[in-house]
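Notes for the structure review
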Amino acid sequence: QAGTTAPPGPSAVLPEMAGGVGDVPCCCLVPADVVGLVVGRGGSVVQQICQDTGAEINISGEDDTPPSLSDRIVTIWGDAPQKESACREVIRITHRAQDVPESEDGIFVLVVP
């Protein structure tokens, strides 16, 4: 069909997996009761994270989150340092909301391709 493009093949994924720039996002799960703190009023917090890190972030809504999943899916795009910085900030906000002291390791689900 004219105007459509095929999804990237396996070779398009390999550079990202080797630490290069690519189209493979970083995905993590944030509890639904905490996701509002990551988003912020009117999206202010997530916009600030994007501005500070250079990453692009998408947070799943109720309609695009699988019914069996109680958490929200946070997808982060960018180069490796951008994704790492943005993910660290999402983790920091999540742990603070769950009263995890900064000196302790908390539990955080990160989906790695």
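To keep things clear, this report deals only with the structure shown in the data block. Predicted model only: the values in this text are computed from it and were never measured.

1. Remarks on the side chain of T53
Along the chain, T53 turns up in helix α3 (residues 44–53). At a separation of 2.8 Å, a polar atom in the side chain of T53 contacts the main-chain carbonyl oxygen of I49. Here A55 takes part through its backbone nitrogen, which lies 3.2 Å from a polar atom of the side chain of T53. Non-local contacts of T53, meaning those with residues more than four positions away in its chain, are made with Q82, S85 and A86.

2. Observations regarding the pattern of salt bridges
Summed over the entire model, instances satisfying the criterion amount to 3 salt bridges. E62 is the partner of R72 in a salt bridge, and the nearest nitrogen-oxygen pair spans 3.8 Å. Here R72, found in strand β3 (residues 71–77), pairs with E62, found in the loop between β2 (56–59) and β3; they are 10 residues apart in sequence, far enough to count as distant. Assessed through its relative accessible area of 16%, R72 is described here as buried. Under the relative-accessibility criterion, E62 is labelled exposed at 65%.

3. Let's talk about the sheet that holds strand β1 (residues 26–31)
In space, the 4 strands of this open sheet follow the order β2-β3-β1-β4, with antiparallel pairing throughout. Strands at the two margins of the open sheet, each flanked by one partner only, are β2 and β4 (109–111). The mean angle between the axes of side-by-side strands here comes to 25°, regardless of whether they run parallel or antiparallel. Together, β1, β2, β3 and β4 form the strand contacts of helix α4 (residues 80–97), whose direction differs from that of β1 by roughly 10°.

4. Quick look at unusual backbone geometry
The phi torsion of most residues other than glycine is negative, and most of the peptide bonds are trans. Of note in the backbone geometry, D99 takes a positive phi value of approximately 60° without being a glycine. Of note, D99 is situated in the loop between α4 and β4. With a relative accessible area of 66%, D99 lands in the exposed category.

5. Concerning α3
All of the buried residues along α3 are V46, I49 and T53. Axial view of α3: buried residues confined to an arc of 55°, hence all on one face. Among the exposed residues of α3, those pointing more than 90 degrees away from its buried face are Q47, Q51 and D52. Where α3 is buried, its residues contact α2 (35–39), β2 and α4.

Thresholds applied
Chains are numbered independently. Their residues run from 1 in the order of the written sequence. This being a predicted model, a pLDDT of at least 70 is required before a residue's local features are given, and a value of 80 or more before pairs of side-chain atoms are given or counted; all residues contribute to the totals for chains, interfaces and linings. Side-chain calculation: all heavy atoms of the structure are included, whereas hydrogens and water are not. Only DSSP runs of H or I with at least four residues qualify as helices, and only runs of E with at least two residues qualify as strands; both kinds are numbered from the N terminus onward. Think of a polar contact as two N or O atoms within 3.5 Å of one another; within protein, one of them needs to be a possible hydrogen donor and the other a possible acceptor, and neighboring residues in sequence only count if both atoms come from side chains. Should any heavy atoms of two residues lie within 4.5 Å, those residues are counted as being in contact. Think of a salt bridge as a Lys or Arg side-chain nitrogen and an Asp or Glu carboxyl oxygen that are within 4 Å of each other. Per-residue accessibility, obtained with a 1.4 Å probe over protein chains only, is compared with the maximum for each type, and a residue is labelled buried under 20%, exposed over 50%, and partly exposed between these values. What makes two strands pair is DSSP finding at least two bridges between them. Throughout, an axis means a line fitted to C-alpha atoms (over the contacting stretch in the case of helices), and angles, computed between N-to-C directions, take values from 0 to 180 degrees. Note: the arc covers the axis-to-C-beta directions of the helix.

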